[in-house]
Amino acid sequence: MAIDTTENAAMVEELWRKYLTTGEFAKETRQRKFFRMLPGSPRCKNCYAPFQGAGSRVVSLLYGKKPSNLNPQLCNVCEVFAQEYQGGAEVELSLLFVDVRGSTSLAEEMTTTEYSRLINRFYKTATHVMVHSDALIDKIIGDQAAGIYVPGFAGKDHARKAVEAGLEILRGVGYGTSSGPWIPLGAGVHNGNAFVGALGSDEGTIDITVLGDTPNTAARLSSKAGEGELLISEPACASAGIDCSRLEKRSLELKGKSEPVDVWVMLAD
């Protein structure tokens, strides 16, 4: 008997919510004991499937396991699930956006090859920090990188991890060092509820993304940040447990927002 469309949608939503808040699918939980016995390293942080070594061949052939495109420290279970079940769930999360400042001017001053190498170096720096701070890589487009910090992977302190990652990226390009930055960046962190899930087309293309006011606000915060600045929204400050009393406070007019948004400014040191 076919499952009712409404019932099926509710089932898919609940599966996504469980994965995004706990990092687990029921089948993955059952597989852990077996995967743990297989030789190989590194492994998926959730199900312990080995990505290299003799055990990796077993999980690849029998289970189709490989590193995720969203975070190579995790397996591709959510991408496989997304191919089968389009949908998602609204969850609380934190978002980190990092933008190159003045990228048009930079591109005019360099050859195309020089500019591509500079942007690629930025991507590598930003994604390395995001991956190792337990983010899912949402976007690497043009002159911007974005990381999603959900409780299922980053834990309950996902807002703090997003803030720390933002500062680490700024330090990684040279802010707060004697040599100075090798590329001008600004960043923003925001916390709130957003839809995370898989959207697709009739042609079979699938994209796992985050939607809603929260990602829009995070992106606009990063675009308002000056060179070397990390702008943290009031909800992100509160969720991260940061004492903002000694930080510079700004009230920003953001496109699409009816009221000014209060933010605090942090600098890499």
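Structure first, text after, so check above.
All of these numbers come straight from a predicted model, not from anything done at the bench.

J.: Help me understand the environment of A236 in this model?
T.: Examined against the element boundaries, A236 turns out to sit in helix 10 (residues 234–240). Distance from A236 to H190, taken between C-alpha atoms, is 5.1 Å for residues 46 residues apart in sequence. In this structure A236 touches A159, V189, H190 and N191, once residues within four positions along its chain are discounted.

J.: Would you mind showing me how to read the environment of L231 here?
T.: When you line up the elements, L231 lands in strand 6 (residues 229–233). By relative accessible area, L231 is classed as buried at 0%. Taking C-alpha positions, L231 is 9.2 Å from A218, a pair spaced 13 residues apart along the chain.

J.: In this structure, what is going on with the packing of helix 6 (residues 112–132) against helix 8 (residues 158–172)? I would like to understand it.
T.: Packed helices, taken two at a time, are described by their axes: the angle between them and the distance between them. The interhelical angle for the contact between helix 6 and helix 8, taken along N-to-C directions, is 150°, at an axis separation of 9 Å. When the axes of helix 6 and helix 8 are compared, the crossing they make is right-handed. Between helix 6 and helix 8, the residues in contact are T125, A126, V129 and M130 and A165, E168, I169 and G172, respectively. Taken together, the residues that form the contact of helix 6 with helix 8 break down as five nonpolar, two polar and one charged.

J.: What's the story with empty space enclosed by the protein in this structure? I'm lost.
T.: Gaps left between atoms show up when a probe the size of a water molecule is rolled over them. Per the counting criterion, the structure on display carries one cavity of 30 Å³ or more. Each pocket or cavity is described by its volume, and for the largest cavity that value is around 30 Å³. The wall of the largest cavity is formed by L70, L136, I137, D138, I148, V196 and I208. In terms of residue count, strand 2 (residues 136–141) provides more of the lining of the largest cavity than any other element does, three residues in total. When its residues are assigned to classes, the lining of the largest cavity shows six nonpolar, no polar and one charged.

J.: Even after reading the chapter, I still don't get the state of the cysteines, so can you show me in this structure?
T.: One way to say it: the disulfide is the covalent bond shared by the sulfur atoms of two cysteines. One pass over the full model with this rule turns up one disulfide. Disulfide pairing is shown between C237 and C244; the S-S distance is 2.3 Å. Sign of the S-S torsion, about -110° for the bond between C237 and C244, identifies this disulfide as left-handed. With no disulfide of its own, C75 has C47 as its nearest cysteine by sulfur position, at a separation of 3.9 Å. Looking at C75, the relative accessible area reads 2%, which means it is buried.

Thresholds, definitions, all that
Residues numbered from 1 in each chain as written. Predicted model: local features only at pLDDT ≥ 70, side-chain atom pairs only at ≥ 80, totals over all residues. Heavy atoms only, no water. Helix = DSSP H or I, 4+ residues; strand = E, 2+ residues; numbered from the N terminus. Contact = heavy atoms within 4.5 Å. Buried < 20%, exposed > 50% of the residue type's maximum accessible area, 1.4 Å probe, protein only. Axes fitted to C-alpha atoms, helices over the stretch in contact; angles between N-to-C directions. Left-handed = near helix turned anticlockwise from the far one by under 90°. Nonpolar A, V, L, I, M, F, W, Y, C, P; charged D, E, K, R; others polar. 1 Å grid on protein atoms, 1.4 Å probe; cavity = no way out; pocket = protein on both sides within 12 Å on 5 of 7 lines; lining within 4 Å. Points joined across faces, edges and corners; volume = space filled by probe spheres on them. Disulfide = S-S within 2.5 Å.

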